[in-house]
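Report on the structure
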Amino acid sequence: MKKVAAIVIGMSLFPLAGTASANQNGQASSDQCMATARQFAATQEYGTSFEGTGSAPPATKQAEPSSVCRITGSLSPVEGSSVGYEVWLPASGWNGKLQVLGNGGYSSSINYFLVQMYVAKGYAVAATDTGHKGDDPAFAKGKPEAITDWGHRAVHVTTVQAKEIVTAFYGRAIDYSYFAGCSTGGHQGLMEVQRYPGDFDGILVGAPGHNRTHLNVGFLWQFVQNQSTEGEGPIIPASKLKAIADNVLRRCGDQNGGAAGGLASDPFLNDPFRCDFQPEDMACEGADGPDCLTPTQVTALEAMYDGARDPVTGERIYFGFLRGSEAAGGPPELPGWSLYWADPRDQSTPARASFWQVWAFDTPDWRWQDFDFHDDVREADDRLADTINAMSPDLEKFRSAGGKLLHYHGLADPVVPATDSASYYTRVQDTMGDTADFYRFFPVPGMHHCYFGPGPYELNAQDALEAWVEQGEAPEHLVGRNPGSEQTQAYSRKICRYAEKAVLGEAGEPHSWESFTCQPAGLPDIQEVGKAYLR
């Protein structure tokens, strides 16, 4: 890679809200911040607060730095590339660690709440805009290098730059480097593992959208299968998704507390992989109604559960969404799947149409009605898979570098099917053998996309990853918590490794994770995608 040129466009020192200053005038830290910025920059400036970064998080129990040096800049690894980055450096109380944060969707946004949360705990923190501005794939129109930046390069060059900045600012080497991200952030994490195995000591990956071309095929499949040929709107209206989810729980919820683990009273599926609900179970006995499915709706739902298929070979292109995720999350008017099976602003248009118009085919007048799930998928793969898909099951270089990979995925995810994560993990095992020494996967029952849901979605995953990296304590389980609400009680639960289930002890307190043990559950029977679609 050619030498990265850095142009810092802003640098500031500011007090973190709710902390006491170790250096009341801040002069020494300010000078150090300016000197570091000059080393990597053409210009710099001071400020006492940052617009658009949100408020600081609540005080933490860990050491809280009094001031922060924030350095922002732009990197141009190749002509046509412009990767924005930020590095936040606590002026005191640095814990010796660098934390790089992932992004979401196709957005250039940085999660400043997480940035400030980690800074308050003593981490140096870095993040990137992934090489563009905005949140629509149309950002790549006329900018092909922006696709590569988004696909994998931006996080890598940001990490390289951040390490140099942190070392220069503190005058010593970083002890440990970590990455954490979910969804596109999880995708970025797997890209790091596969392409840049030496960047991080530990990587936390959640609900990765790493099979990106086929994930978008999956969204399009959901749209097409649910689209009326008469142009009358969705075959299955969003208003029926809650009824479908309720029927799924009634059909398969009796596995909870038994074969699926968890508690019999859990309002979610502990093991949706083994749920045998069929759409015909909800078939209307007479006229259409809000709690039943017409024959056309039964057919549409069957196709959506099955997932995208190649019409020529019959091979699966991408997984269908798991039973139990139908109404998970989203606003009341667009719950669960409906937030993603079409453009939320126009239900007659597929979600992410600009991905196909700009990235896949460079055809502004692209129409979903003309899409061929054999020829067009392969053409899109030929153009994009090598750049934006993170599908390699050979992680030997990451293992040899001493890296640790902790992977989680909500089993009620309505955006990225958890089956995709289970499939990837299994392919890695098939390729490398047992990976317990460096890679472990934890499905989370009842968790929506990345967070929230009725399940135990607040995870101690970061702490577990750091204990694994720094003390060699490999996580046998995670601990998940649900804070409860006015209607529900708070509880915690052991989150077991893939192919295990959480079982309550005979005299255990059902609301405490300590009452559960992880026991073998066996591998689910997953029909894999075709080899042509593992690119």
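What you see is a predicted model, and the numbers here were worked out from it, not measured in a lab. (Residues numbered from 1 in each chain as written. Predicted model: local features only at pLDDT ≥ 70, side-chain atom pairs only at ≥ 80, totals over all residues. Heavy atoms only, no water.)

**What to know about the sheet that holds strand β11 (residues 477-482)**
Judged by pairing direction, the sheet is antiparallel, and its 3 strands sit side by side in the order β10-β11-β12 without closing on themselves. Among the strands making up the open sheet, the edge pair consists of β10 (458-459) and β12 (491-496). Where β11 and β12 come together, 6 bridges link them in antiparallel fashion. Within β12, the residue paired with V479 across the bridge is K494. (Pairing = 2+ DSSP bridges. Helix = DSSP H or I, 4+ residues; strand = E, 2+ residues; numbered from the N terminus.)

**With respect to the pattern of salt bridges**
Applying the stated rule across the entire model yields 22 salt bridges. The partner of D276 in a salt bridge is R251, and the shortest N-O contact between them spans 3.1 Å. Of this pair, D276 sits in the loop between α6 (241-252) and α7 (295-306) while R251 sits in helix α6; the two residues are 25 residues apart in sequence, bridging distant segments of the chain. On the accessibility criterion, R251 (42% relative accessible area) is partly exposed. Through salt bridges with shared partners, one network takes in K97, E466 and E470. (Salt bridge = Lys/Arg side-chain N within 4 Å of Asp/Glu carboxyl O. Buried < 20%, exposed > 50% of the residue type's maximum accessible area, 1.4 Å probe, protein only.)

**A short note on the packing of helix α5 (residues 212-225) against helix α9 (residues 375-388)**
α9 packs onto α5 with a crossing angle of 135° between their chain directions and a minimal axis gap of 8 Å. With respect to α9, the axis of α5 lies oblique. For the pair α5 and α9, contact is made by R212, T213, H214 and V217 and by V377, D381, L384, A385 and I388, respectively. For the contact of α5 with α9, the class distribution of residues is 5 nonpolar, 2 polar and 2 charged. (Axes fitted to C-alpha atoms, helices over the stretch in contact; angles between N-to-C directions. Parallel < 35°, antiparallel > 145°, perpendicular 65-115°, else oblique. Contact = heavy atoms within 4.5 Å. Nonpolar A, V, L, I, M, F, W, Y, C, P; charged D, E, K, R; others polar.)

**Re the state of the cysteines**
If you walk through the whole model with that rule in mind, you get 5 disulfides. There is a disulfide in this structure between C496 and C518, and the S-S distance comes to 2.1 Å. An S-S torsion of about -90° defines the bridge between C496 and C518 as left-handed. In this pair, C496 sits in strand β12 while C518 sits in strand β14 (residues 516-520), placing the two residues 22 residues apart along the sequence. Classification of C518 by relative accessible area gives partly exposed; the value is 26%. Ordinal numbering of bonded cysteines along the protein defines a disulfide pattern of 1-2, 3-8, 4-5, 6-7, 9-10. (Disulfide = S-S within 2.5 Å.)

**Concerning unusual backbone geometry**
Glycine aside, a negative phi is what most residues show, and trans is what most peptide bonds show. Positive phi values are uncommon outside glycine, yet C450 reaches one of about 75°. When you line up the elements, C450 lands in the loop between β9 (439-444) and β10. Of note, F452 is a non-glycine position whose phi angle comes to about 65°, a positive value. Residue class for F452 comes out exposed when judged on its relative accessible area of 51%.

**A word on the environment of Y491**
Checked against the element boundaries, Y491 lands in strand β12. Overall, Y491 belongs to the buried group, its relative accessible area being 12%. Between the C-alpha atom of Y491 and that of G455, which follows or precedes it by 36 residues, the distance is 9.3 Å. Polar contacts involving the side chain of Y491 include one to the main-chain carbonyl oxygen of P454, which spans 2.7 Å. (Polar contact = N/O pair within 3.5 Å; in protein donor to acceptor, adjacent residues only side chain to side chain.)

**Re helix α3 (residues 144-170)**
Given 3.6 residues to a turn, an α-helix orients residues that are three or four positions apart in the same direction. Taking 1.5 Å as the rise per residue, α3 with 27 residues should run 39 Å; its terminal C-alpha atoms sit 37 Å apart, in good agreement. In the structure, α3 departs most strongly from a straight axis at R153, where the bend amounts to approximately 65°. Of all 27 residues in α3, 20 are buried; the element is thus mostly enclosed. Positive phi appears at G171, one or two residues downstream of α3, with a value of about 75°. (Expected span 1.5 Å × (residues − 1). Bend = angle between axes of the 7 residues up to and from the residue.)

**Things to note about the nonpolar core**
Of all hydrophobic cores here, the largest spans 106 residues; its most connected members are L89, I244, W356 and W359. The leading source of residues in this core is α3, at 11 residues. Setting aside chain neighbours within four positions, we find I244 in contact with I236, F277, M282, L293, L301, Y305 and E326. If you look at the next biggest cluster of nonpolar residues, it comprises 30 residues, including Y123, V125, C182 and A207. (Core = buried A, V, L, I, M, F, W, Y, C linked by side-chain atoms within 4.5 Å.)

**Notes on the pairing of strand β3 (residues 83-90)**
Within β3, 8 of the 8 residues are buried, which leaves the element mostly enclosed by the surrounding structure. In β3, alternate side chains face the same way, and those of V83, Y85, V87 and L89 on one face and G84, E86, W88 and P90 on the other are all buried. The pairing of strand β2 (residues 67-75) with β3 spans 8 bridges and is classified as antiparallel. Counterpart to R70 in the pairing with β3 is W88. Relative to strand β5 (residues 124-128), β3 is paired through 4 bridges, and the arrangement is antiparallel.

**Considerations on the environment of R481**
For R481, the position within the fold is in strand β11. Along the sequence, R481 and H511 sit 30 residues apart, while their C-alpha atoms lie 9.6 Å from each other. Not counting the four nearest positions on each side in its chain, R481 is found in contact with P456, Y457, E458, Y491, S492 and W513.

**A word on α5**
With 14 residues, α5 extends 20 Å from end C-alpha to end C-alpha; this agrees with the ideal 20 Å at 1.5 Å per step. Listed in full, the buried residues belonging to α5 are R212, T213, H214, L215, N216, V217, G218, F219, L220, W221, Q222 and F223. Buried residues along α5 sit in contact with α3, α4 (184-195), α7, α8 (353-360) and α9.

**A short note on the packing of aromatic side chains**
All told, the structure shown has 36 aromatic pairs when counted by the stated rule. With centroids separated by 3.9 Å and ring planes inclined at 5°, the aromatic side chains of W94 and Y170 adopt a geometry described as stacked. Residue W94 is found in the loop between β3 and β4 (97-101), and its partner Y170 is found in helix α3; the two are separated by 76 residues along the sequence. The same class applies to W94 and to Y170, which are both buried. With a centroid separation of 5.7 Å and 80° between ring planes, the pair formed by F139 and W359 is classed as edge-to-face. Taken together, the residues span a long stretch of sequence, with F139 in the loop between β5 and α3 and W359 in helix α8 at a distance of 220 residues. The burial state of F139 is the same as that of W359; both residues are buried. Taken together, the ring pairs in this structure connect Y106, F139, W150, W221, F355, W356, W359, F361, W366, F371 and F373 into an aromatic cluster. Its guanidinium or amino end placed over the ring of Y305, R323 lies 4.0 Å from that ring's centre, counting from NZ or CZ. (Phe/Tyr/Trp six-rings, centres within 6.5 Å; stacked < 30°, edge-to-face > 60°. Lys NZ or Arg CZ within 6 Å of the ring centre and 35° of its normal.)

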